[in-house]
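Okay, here's what each chain looks like letter by letter:
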Amino acid sequence: MLTTESVRVSKVRYKTISTGQFYCPQCKTQRAYELRKARNYFALYFIPIIPLGDAGEFVTCLTCGTNFQTEVLSIPIPTNAPLDRFVREAQADLDSGTPIEMARQKLINTGLSRDLVEQVIGQAAGPDRKHCPADALTYRSTVRRCAQCGAPLM
Ligand SMILES: [Zn+2]
Ligand SMILES: [Zn+2]
């Protein structure tokens with residue numbers, strides 16, 4: 001005669017709830033994840049029949065396979081946002097009449113690498129530039145007069 005204990009086998013089943021991109025603390029970069037929910041089942045002859053409620057949600061990195069608490073999803077994915085901030089600030093400086101040479105020096109003083117400085121200046125200044133005929137300073141195309149000598153820009 002079968003007893004209840006002999007036919008019931010506790011198993012854990014997983015259900016994928018959602019997928020997306022997150023910052024994996026193990027890979028230390030942006031990765032794809034699956035948000036999964038674990039469910040306990042009692043299995044009758046290994047056929048799952050009764051879900052026993054949530055055993056919790058967790059996040060799995062699809063690259064390294066590490067499981068994390070769902071809180072891992074609140075870690076911001078690192079982007080080039082800091083660079084965007086430099087571009088906005090440099091552009092505001094250039095629009096207010098600062099010569100490109102000065103804006104470049106200001107960025108160098110912040111400790112940015114020369115490559116990044118040129119990237120920021122390139123984006124902030126744009127392709128059209130003006131220059132002062134008297135002292136060869138260069139400006140964003142929105143600037144009309146040289147901040148140094150007051151000469152109209154070419
Ligand atoms: Zn990972
Ligand atoms: Zn000038």
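For the structure given in this document, a descriptive report is provided here. (Residues numbered from 1 in each chain as written. Chains lettered and ligands numbered in written order. Predicted model: local features only at pLDDT ≥ 70, side-chain atom pairs only at ≥ 80, totals over all residues. Heavy atoms only, no water.)

Below, the discussion takes up the packing of aromatic side chains. Going through the model one piece at a time under the given rule, you end up with two aromatic pairs. Measuring from ring centre to ring centre gives 5.4 Å for Phe22 and Tyr33, while their planes differ by 75°; the resulting arrangement is edge-to-face. Here Phe22, found in strand S1 (residues 8-24), pairs with Tyr33, found in strand S2 (residues 29-44); they are eleven residues apart in sequence, far enough to count as distant. Residue Phe22 is classed as buried on the basis of its relative accessible area, which comes to 2%. Accessibility expressed as a relative area gives 10% for Tyr33, which makes it buried. A cation over an aromatic ring shows up here: Arg85 above the ring of Phe86, its NZ or CZ 5.1 Å from the ring centre. (Phe/Tyr/Trp six-rings, centres within 6.5 Å; stacked < 30°, edge-to-face > 60°. Helix = DSSP H or I, 4+ residues; strand = E, 2+ residues; numbered from the N terminus. Buried < 20%, exposed > 50% of the residue type's maximum accessible area, 1.4 Å probe, protein only. Lys NZ or Arg CZ within 6 Å of the ring centre and 35° of its normal.)

Right, let's talk about the coordination of the zinc ion (ligand 2) for a bit. Distances from the zinc ion (ligand 2) to its protein donors, Cys132 (SG), Asp135 (OD), Asp135 (OD), Cys146 (SG) and Cys149 (SG), fall at 2.2 to 2.7 Å. In primary sequence terms, the donor set of the zinc ion (ligand 2) follows C-x2-D-x10-C-x2-C. (Donors = N, O, S within 2.8 Å, 3.2 Å for Na, K, Ca; no water.)

This part is about the packing of helix H3 (residues 100-109) against helix H4 (residues 114-125). The N-to-C vectors of H3 and H4 enclose an angle of 140°; their axes lie 10 Å apart at closest approach. Relative to H4, the element H3 lies oblique. Considering how the two elements wind past one another, H3 and H4 form a crossing that is right-handed. Of the residues in H4, those in contact with Ile100, Ala103, Arg104, Leu107 and Ile108 of H3 are Arg114, Val117, Glu118, Val120, Ile121 and Ala125. In terms of residue class, the contact of H3 with H4 is built from eight nonpolar, no polar and three charged. (Axes fitted to C-alpha atoms, helices over the stretch in contact; angles between N-to-C directions. Parallel < 35°, antiparallel > 145°, perpendicular 65-115°, else oblique. Left-handed = near helix turned anticlockwise from the far one by under 90°. Contact = heavy atoms within 4.5 Å. Nonpolar A, V, L, I, M, F, W, Y, C, P; charged D, E, K, R; others polar.)

Here H4 is twelve residues long and its end C-alpha atoms lie 16 Å apart, about the 16 Å a rise of 1.5 Å per residue gives. The complete set of buried residues in H4 reads Val117, Val120, Ile121, Ala124 and Ala125. Buried residues of H4 fall within an arc of 110° about the axis and therefore sit on the same side. Following H4 by one or two positions, Gly126 has its phi on the positive side, about 75°. (Expected span 1.5 Å × (residues − 1). Arc of directions from axis to C-beta.)

This part takes up the coordination of the zinc ion (ligand 1). Coordination of the zinc ion (ligand 1) by the protein is provided by Cys24 (SG), Cys27 (SG), Cys61 (SG) and Cys64 (SG), with metal-donor distances spanning 2.2 to 2.4 Å. Because the angles between the four donor atoms bound to the zinc ion (ligand 1) fall within 101 to 117°, the donor set is best described as tetrahedral. Counting the intervening residues between successive donors of the zinc ion (ligand 1) yields the motif C-x2-C-x33-C-x2-C. With a gap of 37 residues between them, Cys27 in the loop between S1 and S2 and Cys64 in the loop between strand S3 (47-61) and strand S4 (67-68) connect regions that are remote in the sequence. By relative accessible area, which is 22% here, Cys27 ends up partly exposed. (Tetrahedral: all angles 85-135°; square planar, octahedral: opposite > 155°, others 65-115°.)

All right, on to the side chain of Thr98 then. Along the chain, Thr98 falls in the loop between helix H2 (81-95) and H3. A distance of 3.1 Å separates the side chain of Thr98 from the backbone oxygen of Asp93, its partner in a polar contact. Those residues in contact with Thr98, other than ones at most four positions away along the chain, are Asp93, Ala103 and Tyr139. (Polar contact = N/O pair within 3.5 Å; in protein donor to acceptor, adjacent residues only side chain to side chain.)

Within the sequence span of H3, burial applies to Ile100, Ala103 and Leu107. End-on view of H3: buried residues confined to an arc of 65°, all on one side of the axis. Exposed residues on H3 whose side chains face more than 90 degrees from its buried face are Met102 and Asn109. Phi turns positive one or two residues past the end of H3, at Gly111, with a value near 95°.

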